[in-house]
Amino acid sequence: MNTDNFNSNAWFTWPTRFTWWVLSIATLLIVVATIGGKNLYFEGDYEVFFDGENKQLQAFDEIQATFSKSDNVSIVVAPRDNNIFSESTLTLIQQLTTEAWQIPYSSRVDSLANFQHTEAIEDDLLVEDLLYEAYPLTIERIERVKKVAFSEPALVDSMISRAGDVSVVNVTIQMPEIDKTAESVEVNAYVDQLIDRYSDQYPQVEFYKAGVIALNDAFMVAAQDDSATLVPAMFLVILVFLTVMLRSIFSVIATLIIIFGSVAATMGLTGWVGMYVTTATVNIPTLVMTLAVADCVHVIATMRHRMKLGDDKVNAINHSIAINAMPILITSVTTAIGFLMMNMSDSPVLRDFGNVAALGVMLACLLSVSLLPAMLKLLPIKAPVQVDPDQAKPVLVDKLADIVITYRKILLPTSIVIIALTASLIPLNKVNDDSVKYFDQGSEFRQAADFMEQRISGMTNISIAIKTGESQGVAAPELIATLAEFTHWLRAQPETDHVASLSDTYKRLNKNMHGDDASYYRLPDQRELAAQYLLLYEMSLPFGLDLNNQINIDKSAVKVVVTTKNLGSVELVDLEQRIYQWFANHAPHYEVVASSPNLMFAHIGETNMASMLTTLPITLVLISALMIFSLKSLRLGLISLMPNIAPAVIGFGLWALISGEINLGLSVVVTLTLGIVVDDAVHFLSKYQRARKMGQNAEQAVRYAFHTVGRALWITTVVLVAGFLVLAMSSFRLNADMGLLSAVVIFIALVVDFVFLPALLMRFDKADYTVNEPELQNSHSTLASAKN
């Protein structure tokens, strides 16, 4: 039965009129796009989170260029007897130190074994390994080593723990950076093999791997784990939910084909344009899956609804595309706008995430109104026809419509109060990034970082370069005094675990050159003396253990490294500001640059939150304009603003109770979800407006909207929430938190559009509509039955 008056030659009938052409062209385009996937490669380096304009990255690169590079891998040695000063463990540290030089791209190895101990021998300065292999490890020798080690500020809380139960072998890596990911994999693989071998030889000792190279490895492992677990899990979730909710195996098959086509084409096109996969973009397939499902469900649900009312399948498909094409396009465009606004992010990874997700959204939209209806025509899909619609029982959404209509005068103020209360909780959230806590406690890197923090020191650090502006300036008494004062101040800060400073070396050398008289453990007071001490010391150092990690080539700048507890971004940025303030107050004539990977991550969360707040008004204006354009109604477009904003407001308010910490991943949730949230409002409002144009009042139009689109909205929300909850299972916290909060916001959006939006419409949409839509008698009868 065909009661619609749409043009049978309209563009939306092409898939059912030129079915094989549509199938052939769509398949060909998908295949061509998918071939680009061969160009994809994974980039796991932490620096992909930052672009060249990032000030902290520029500062870090400057420090790296001025001094030797600080990329490192640390091997933590923890004997189960809690005593590193035993013959067995000290022998192990000696052997491990020697073999660590064989790690690919290693340029320096620092440990208790090769610490360059200095002492006076008559008028000479003796510089040698603290665990010099020529000396047997007798009880007396071990006691001497122990005494020296605990008296050295350079060792305690760095190479050895204060309790003497943990030691660290630190390897500095100088990678050629031809392929940093491959080089990082090579280093980590070698270190893992080394640790495995020593674990077999020394079963009484536990080993952990830490450092920047281990951090890179953790990013790669997290991405690999996600791609191996989350994508299959998402596929299974979608399969189960669609089978249960659509109750049509062929409809599920059609939807899965659209999903695969959207994902394959999206990733293939990113390969064609030369993009790479990162820890963030590896989850794009999961996201595109959920968004593709949302489009397909609306088309299939409307088609099946029409078939139940007696339409033949082709007419039902055409009708579904006719009334869903514009809402699907608008929701896809608004969702894409939300993703594209992530281009305002300071992080290239998040910009790529937004661009690829926007591409996937639009591809899913295109395929859902072209390839999907063509497949639906060919597949043997059936739906039981309701012979007598007047006898139809009201479905759950009809009952929900009755409740909302009946209690609308209570629901509207109650909704406003809930929104206001949750909005008041938003300030309780704090922007706080801790790169160590990006990984869950099952991660080897997280376990190593937590162990180090408990037993020796945190992994968070800041490198501080102090530039004198003159050659040999590091020997100037003024600089040395400033360095000592600054070092003393740093060690007094509550966050500090260890400070590596040249001032300690100056004090030790001054004592050595005065016959190891403890009273001379102080700074040299003459520039020439300081320069001579430094020259003599450097000439005595073995290859690979020079002072290039602390002093630049012309000795015009010196680097201090402060290691702290594993701080969040707020505390770390606060410490950075106090460092700059200290120099502004005490030594303003020196140029000071501070940075580190930890500090870079600490800043980027704040800058992303700032960019999100900046782009949010732009996003809202664009989305509102599209809503007004699509509905051709300023009034409905303005009414839709509150239901579109409310889910994010409530979601972030609840997040203050769930966690209270906003990290890099959460800083983009509003722009990420805003477009998706619009999906519910657009489809509900488009059906509501259609009913109003049929001559129905606001109450009847709300009931019509619930009946025609309520089930589809419920299905799409369940699938979207399930998809993001799968993402919330990620072992990588940025993805996990983003997935969880996005799921919360999307679910709240459904509640808002089922409760708050209808109440708003019935309260404020009192205008008369020009009746220009044909009333569908069978739909009207069904609605009347549902009302009764």
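These numbers were taken from a predicted model, which means no experiment stands behind them. Residue numbering note: each chain is counted from 1, following its sequence as written. Per-residue local features are limited, in this predicted model, to residues with pLDDT of at least 70; the limit for side-chain atom pairs, both in listing and counting, is 80 or more; totals at the level of whole chains, interfaces and linings are taken over all residues. The side-chain numbers reported here are obtained from all heavy atoms of the structure, hydrogens and water having been left aside.

Undergrad: Just checking my understanding: could you explain the domain arrangement of the chain for this structure?
TA: Buried accessible area, meaning the area lost when the parts come together, often serves as the stated size of an interface. The domain boundaries here were taken from an automatic or database domain assignment. According to the domain assignment, the chain contains domain 1 (7–39 + 248–385), domain 2 (55–214 + 442–600) and domain 3 (393–428 + 633–787). Placing a centre on the C-alpha atoms of domain 1 and another on those of domain 2 gives a separation of 55 Å.

Undergrad: Teacher, can you tell me more about the UniProt feature "domain: SSD" (unreviewed entry) in the chain here?
TA: UniProt positions are given in the numbering used here, feature names are shortened, and annotations may be inferred rather than shown by experiment. Residues annotated in UniProt with the feature "domain: SSD" (unreviewed entry) correspond here to residues 253–378 and 636–763. Strands here are runs of E lasting at least two residues and helices are runs of H or I lasting at least four, both read from the DSSP assignment and numbered beginning at the N terminus. For residues 253–378, helix accounts for 81% and strand for 0%, while the C-alpha atoms at its two ends are 12 Å apart. Taken end to end, residues 636–763 is 84% helix and 2% strand, and its first and last C-alpha atoms sit 12 Å apart.

Undergrad: It is not clear to me how the packing of aromatic side chains should be interpreted in this structure. Could you clarify?
TA: Centre distance and the angle of the planes are the two values used to describe a pair of aromatic rings. Any Phe, Tyr or Trp ring, taking Trp's six-membered ring, that has another such ring centre within 6.5 Å forms a pair; planes under 30 degrees apart are called stacked, those over 60 apart edge-to-face, and the others tilted. A full pass over the atoms with the stated rule returns 24 aromatic pairs. Measuring from centroid to centroid gives 6.4 Å for phenylalanine 339 and phenylalanine 353, while their planes differ by 70°, and the two rings are edge-to-face. Residue phenylalanine 339 is found in helix α10 (residues 313–340), and its partner phenylalanine 353 is found in helix α11 (residues 348–368); the two are separated by 14 residues along the sequence. Ring geometry for tyrosine 438 and phenylalanine 601: centres 5.5 Å apart, planes at 85°, overall edge-to-face. Here phenylalanine 601 lies in helix α20 (residues 597–631) and tyrosine 438 lies in the loop between β7 (430–431) and α15 (444–455), a separation of 163 residues in the sequence. Neither residue differs from the other here; tyrosine 438 and phenylalanine 601 are each classed as buried. Under the scheme applied here, a residue whose accessible area is under 20% of the maximum for its type counts as buried, over 50% as exposed, and between as partly exposed, the area being computed with a 1.4 Å probe on protein chains only.

Undergrad: When you look at helix α6 (residues 180–201) in this model, what are you seeing that I'm missing?
TA: One turn of the α-helix equals 3.6 residues, which is why residues spaced by three or four share an orientation. Multiplying one less than the number of residues by 1.5 Å gives the expected span of a helix. End to end, α6 covers 32 Å across 22 residues, agreeing with the expected 32 Å (1.5 Å per residue, within 8%). When we look at burial in α6, the residues that qualify are Lys180, Thr181, Glu183, Ser184, Val187, Asn188, Val191, Leu194, Ile195 and Tyr198. For α6, the buried positions fall inside an angular range of 160° around the axis, keeping them on one side. Facing away from the buried side of α6, by more than 90 degrees, are the exposed residues Gln193 and Asp200. In this structure, the buried side of α6 is in contact with β1 (72–79), α4 (87–100), β5 (167–173), β6 (205–210) and α7 (212–246). When we speak of the arc, we mean the arc of directions from the helix axis to the C-beta atoms. Any pair of residues with heavy atoms lying within 4.5 Å of one another is described as a contacting pair.

Undergrad: Just to check I follow, could you spell out the sheet that holds strand β11 (residues 591–595) for this structure?
TA: Adjacent strands of a sheet form backbone hydrogen bonds with each other and so pair up, either parallel or antiparallel. Across the sheet, four strands lie side by side as β9-β10-β8-β11; this open sheet has antiparallel pairing. Since the sheet does not close on itself, it has two edges, and those belong to β9 (496–500) and β11, each with one partner. Ignoring which end each strand starts from, the neighbouring axes of this sheet average 20° apart. Strands were regarded as paired on the criterion that DSSP finds at least two bridges between them. As paired elements, strand β8 (residues 460–467) and β11 share five bridges and run antiparallel to each other. Its bridge partner lying in β11, alanine 465 is registered against valine 593. All axes here are fitted lines through C-alpha atoms, helices being fitted over the stretch that makes contact, and every angle between N-to-C directions spans 0 to 180 degrees. Along the sheet face, helix α16 (residues 477–492) touches β8, β9 and β10 (557–564) and points at about 5° away from the line of β10.

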